[in-house]
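Summary of structural features
Here is what each chain is made of, one letter per residue.
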Amino acid sequence: MKLIEHFIEGKNFSGDSKRTGKVFNPATGEQSAEVKLGTAKDLNYAVESAKKAFESWSNKPPIQRARIMFKFKELIEKNSDELTKTIVSEHGKVYEDAKGSLVRGLEVVEYACGIPQMLKGEFTENVGTNVDSWSTRQPLGVCAGITPFNFPAMVPMWMFPMAIACGNTFVLKPSEKDPSCSIKLAELFLEAGLPKGVFNVVNGDKESVDAIIKNKDVLAVSFVGSTPIAKYIYENCAKNEKRVQALGGAKNHCVVMPDCDLEQAVNGLMGAAYGSAGERCMAQSVAVAVGNVGDDLVKNLAKKVEALKIGPGMDKKSEMGPLVTKEHLEKVKSYVDLGVKEGAKLIVDGRKFKLQGYENGHYLGGCLFDHVKKDMRIYKEEIFGPVLSVVRVKNFDEALQLVNDHEFGNGVSIFTRDGDSARTFSNKAKIGMVGINIPIPVPVAFHSFGGWKRSLFGDQHMHGPEGVRFYTKLKTMTSRWPSGLRSDPEFTMPTMK
Ligand code: NAD
């Protein structure tokens, strides 16, 4: 059985732990590897290595850091097929979707190639007579990232390229369900010329996460995962005086207005609800049918959900792959059972789906509920599977209220041809990322990614300009040279004259 170790100080590291986790191929249900579950000692060793590397890495001129980023970008492109297949084999999503997610991660590396421009700072000549002032952003030190299973390449790549380009060193604790991508990325970064110790990967679970929280040399933590863990990370990192951004779960709504192009809305919803088997934090799991659009919407959706091509991620014909683990499959199924019990109308039932030759794969057919009500648990809670709930409302105001009352605030979209509805909606929605006739409004790398409400604890979103702010601290200098103004002691608060 393949054993996945840690990657510390520029090489594979077996570590201290006797504990391992199981990694599965979701398409077949077979175990494909064992992964080491790191101890506090392993984690502390990685932090020590990163701390040692910080001094010289942070002193490297940004242009030299950028050159390594350019090389890293080339190597990711060269190895894109292998990385994509790794995502498919451990996560289960279909090949083209996995490739797309890798490209979205690569965009952050491309953005990070421009780091010299972003770290230029600001300068004001003569803030007072013969006094100049400038500000600069300096790296923090050792930063850490803790990432979820659903984007094994993209989400880590929201974090470490930005942190490292800014001059920090980094310790990544990827999801133990699909850890191989992170190790491959660390190897490629080393090949690109990154000094050893700048980027380390520690595999593990709660034990290594808690060691990150406790380690005093880790100065900033980026987390992406479910809301209860995000809250735990946020509270405990803050208690330990760390900078923290913790992104949590979601329940993204798609508001379908009666005046919209219905075919566009239905196609948009199909991809957003069932793509990646619904295991996306920007998946749309609630369709809000406004006015009289409900019957047509449900009829059109049902036909397409029934026709979904479900199969292994490597099969070119598959539109939707399996769920990540057997446990997750059972959890999603139990939500479908619950929806039926709660009185929602199950229009398409995917629970009995079986694929010949892949009987042990973690497959679930697409599920579609109609007449879902806002007090039902299937509406309130994140299911994270191929289950779409249709909620019917009378008008635009009711739709907006529904969106704003939900505890999560990651993404939302509206399908309409009316500019007034679209503008009012984007202005009033209490949500971090809004799409207008765009089903999955994931911001590109040079904007920033993040939700509101209980979808993000912290102040800064991920990557883009917010990423630079998160991974640097601001320093402002004020200077005067004595050859200019000669002055007597001043005992009052200085004001710029
Ligand atoms: P998860 O919260 O179970 O795990 C995330 C990370 O936390 C993993 O590295 C895991 O090892 C670690 N972890 C798990 N339990 C822990 C514990 N008790 N103590 C300390 N660490 C722990 O999430 P997941 O199932 O891997 O990913 C799916 C979730 O991630 C969904 O809720 C999804 O919405 C969310 N997500 C959010 C975003 C976003 O941008 N907001 C993006 C992707 C995924």
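Owing to the predicted nature of the structure, the values given are computational and were not obtained by experimental measurement.

Split into domains, the protein comes out as domain 1 (2-248 + 455-477) and domain 2 (252-436). Taking the mean C-alpha position of each, domain 1 and domain 2 sit 31 Å from one another. On the domain 2 side, the residues contacting the 20 residues of domain 1 number 24 residues. For the pair domain 1 and domain 2, the two sides together bury roughly 1900 Å², of which 63% comes from carbon and sulfur. If you sort the residues of domain 1 by the area they bury against domain 2, Ala27, Val94 and Ser455 come out on top, with a joint share of 25%. For the pair domain 1 and domain 2, the number of links is 1 salt bridge.

Right, let's get into empty space enclosed by the protein. To find the voids left in a structure, one rolls a probe of water-molecule size over its atoms. Applying the stated rule across the entire model yields 3 cavities of 30 Å³ or more. Each pocket or cavity is described by its volume, and for the largest cavity that value is around 120 Å³. Taken together, 15 residues line the largest cavity, and the ones lying closest to its centre are Gly278, Ala283, Ser285, Glu382 and Phe384. Partitioning the lining of the largest cavity into residue classes produces 7 nonpolar, 5 polar and 3 charged. There is about 50 Å³ of room inside the second largest cavity.

A word on the sheet that holds strand E6 (residues 122-128). With respect to topology, 3 strands assemble into an open sheet ordered E6-E7-E23, the strand pairing being antiparallel. Edge positions in the sheet fall to E6 and strand E23 (472-480), since each of these pairs with one other strand and no more. Strand-to-strand, the axes of this sheet are offset by a mean angle of 25°, without reference to chain direction. One ladder, built from 4 bridges, connects E6 with strand E7 (residues 131-139); its direction is antiparallel. Directly across from threonine 124, in E7, lies its bridge partner serine 133.

Applying the stated criterion across every chain, the model contains 28 salt bridges. We note a salt bridge from aspartate 337 to arginine 351, for which the minimum N-O separation is 2.5 Å. Linking aspartate 337 in helix H12 (residues 326-342) with arginine 351 in the loop between strand E15 (345-348) and strand E16 (367-370), this pair joins segments that are 14 residues apart in sequence. In this structure arginine 351 comes out as partly exposed when scored by relative accessible area, which is 23%. Two residues, arginine 351 and aspartate 349, come together in a salt bridge whose shortest N-O distance is 2.9 Å. Salt bridges sharing partners connect three or more residues here, namely Arg19, Asp205 and Glu207.

Our focus in this paragraph is the packing of aromatic side chains. In total, this model carries 15 aromatic pairs according to the counting rule given. Aromatic pair phenylalanine 160 and phenylalanine 189: ring centres 6.0 Å apart, planes at 55°, arrangement tilted. In this pair, phenylalanine 160 is assigned in helix H6 (residues 154-165) and phenylalanine 189 in helix H7 (residues 180-191), connecting sequence segments 29 residues apart. Given the relative accessible area of 0%, phenylalanine 160 is considered buried. You can call phenylalanine 189 buried: its relative accessible area is 0%. Judged by centre distance (4.1 Å) and plane angle (20°), the ring pair of phenylalanine 160 and phenylalanine 199 falls under stacked. Taken together, the positions of phenylalanine 160 in helix H6 and phenylalanine 199 in strand E10 (residues 199-201) put the pair 39 residues apart, joining distant regions of the chain.

Take the packing of helix H8 (residues 206-214) against helix H9 (residues 227-239) next. Closest axis-to-axis distance for the H8/H9 pair is 9 Å, and the angle between their directions is 30°. When the axis of H8 is compared with that of H9, the two are roughly parallel. Across the interface between the two elements, Lys206, Val209, Asp210 and Ile213 from H8 touch Tyr232, Ile233, Asn236 and Cys237 from H9. The residue inventory of the contact of H8 with H9, partitioned by class, reads 5 nonpolar, 1 polar and 2 charged.

Criteria and cut-off values
Residues numbered from 1 in each chain as written. Predicted model: local features only at pLDDT ≥ 70, side-chain atom pairs only at ≥ 80, totals over all residues. Heavy atoms only, no water. Domains from an automatic or database assignment. Contact = heavy atoms within 4.5 Å. Buried area = accessible area lost by both parts, 1.4 Å probe. Salt bridge = Lys/Arg side-chain N within 4 Å of Asp/Glu carboxyl O. 1 Å grid on protein atoms, 1.4 Å probe; cavity = no way out; pocket = protein on both sides within 12 Å on 5 of 7 lines; lining within 4 Å. Points joined across faces, edges and corners; volume = space filled by probe spheres on them. Nonpolar A, V, L, I, M, F, W, Y, C, P; charged D, E, K, R; others polar. Pairing = 2+ DSSP bridges. Helix = DSSP H or I, 4+ residues; strand = E, 2+ residues; numbered from the N terminus. Axes fitted to C-alpha atoms, helices over the stretch in contact; angles between N-to-C directions. Buried < 20%, exposed > 50% of the residue type's maximum accessible area, 1.4 Å probe, protein only. Phe/Tyr/Trp six-rings, centres within 6.5 Å; stacked < 30°, edge-to-face > 60°. Parallel < 35°, antiparallel > 145°, perpendicular 65-115°, else oblique.

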